[in-house]
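For reference, the chains in residue letters:
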Amino acid sequence: MADILIIDDSPTDVRVLTTLLERAGHQVASVGNAEEGIERVRSTPPALVIMDVIMPGMNGFQATRTLTRDPATSEVPIVMITTKAMETDRVWGLRQGARAFITKPVNEGELLACINQLLSSAA
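Just so we're clear, the structure is a prediction, and the values are computed from it rather than from any experiment.

Taken as a whole and judged by the stated rule, the model has eight salt bridges. Here Asp8 ties to Lys104 by a salt bridge, and the two come within 3.6 Å at their closest N and O atoms. Note that Asp8 is positioned in the loop between strand S1 (3-7) and helix H1 (11-23) and Lys104 in the loop between strand S5 (100-103) and helix H5 (108-122), a separation of 96 residues in sequence. On the basis of relative accessibility, which here comes to 4%, the residue Asp8 falls in the buried class.

Written as structure tokens, this is what we have:
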């Protein structure tokens, strides 16, 4: 279906998301930090990015802002997935350019519906 890049420093979360997305027919790649994720999106733009918020170094809010403000990568939809469940976090993530904000633990149906909607609107 689509190439999806996961930017997350948790090997467990990456494994869970990769399994879920591959089962749904997507091709998945992952990187463990925001800086590497930005470079990957710039060099090989995926159809969609799943972005963690809490990471060492640059956080997901900063990385999302960087990608959505860059004309070369601004069209790649970003779904933020995080343990940060406060409404202010959701609002801030969306203000940085994320197209969706989902809290962990991830509901599989919600995530896949969100991804399918974003991919169909981008096509």
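Having seen it, we continue.
Before going further, it helps to spend a moment on the UniProt feature "domain: Response regulatory" (unreviewed entry) in the chain. The sites that carry the UniProt feature "domain: Response regulatory" (unreviewed entry) are, in the present numbering, residues 3-119. Taken end to end, residues 3-119 is 46% helix and 20% strand, and its two terminal C-alpha atoms sit 10 Å from one another.

This part covers the environment of Arg65. Here Arg65 shows up in helix H3 (residues 60-69). Taking the relative accessible area as the measure of exposure, Arg65 reaches 29% and is therefore partly exposed. For the pair formed by Arg65 and Ser120, sequence separation is 55 residues and the distance between their alpha carbons is 23 Å. With residues near it in sequence (within four places) discarded, Arg65 still touches Trp92 and Gln96.

Turning our eyes to something else, we now look at the side chain of Asp70. Inspection of the secondary structure puts Asp70 in the loop between H3 and strand S4 (78-82). When its relative accessible area of 18% is taken as the criterion, Asp70 is described as buried. In this structure the side chain of Asp70 is engaged in a polar contact, spanning 3.2 Å, whose partner is the side chain of Arg42.

Two elements in contact, helix H2 (residues 34-43) and H3, have axes separated by 10 Å at closest approach and are oriented at 20 degrees. Judged by the angle between their axes, H2 and H3 are roughly parallel. The chirality of how H2 crosses H3 is right-handed. Contact with H2, carried on its side by Ala34, Ile38, Val41 and Arg42, involves Ala63, Thr66 and Leu67 of H3 and no other residues of that element. Here the residues of the contact of H2 with H3 are counted per class, giving five nonpolar, one polar and one charged.

What counts, and at which threshold
Residues numbered from 1 in each chain as written. Predicted model: local features only at pLDDT ≥ 70, side-chain atom pairs only at ≥ 80, totals over all residues. Heavy atoms only, no water. Salt bridge = Lys/Arg side-chain N within 4 Å of Asp/Glu carboxyl O. Helix = DSSP H or I, 4+ residues; strand = E, 2+ residues; numbered from the N terminus. Buried < 20%, exposed > 50% of the residue type's maximum accessible area, 1.4 Å probe, protein only. UniProt positions renumbered as here; feature names shortened; annotations may be inferred. Contact = heavy atoms within 4.5 Å. Polar contact = N/O pair within 3.5 Å; in protein donor to acceptor, adjacent residues only side chain to side chain. Axes fitted to C-alpha atoms, helices over the stretch in contact; angles between N-to-C directions. Parallel < 35°, antiparallel > 145°, perpendicular 65-115°, else oblique. Left-handed = near helix turned anticlockwise from the far one by under 90°. Nonpolar A, V, L, I, M, F, W, Y, C, P; charged D, E, K, R; others polar.

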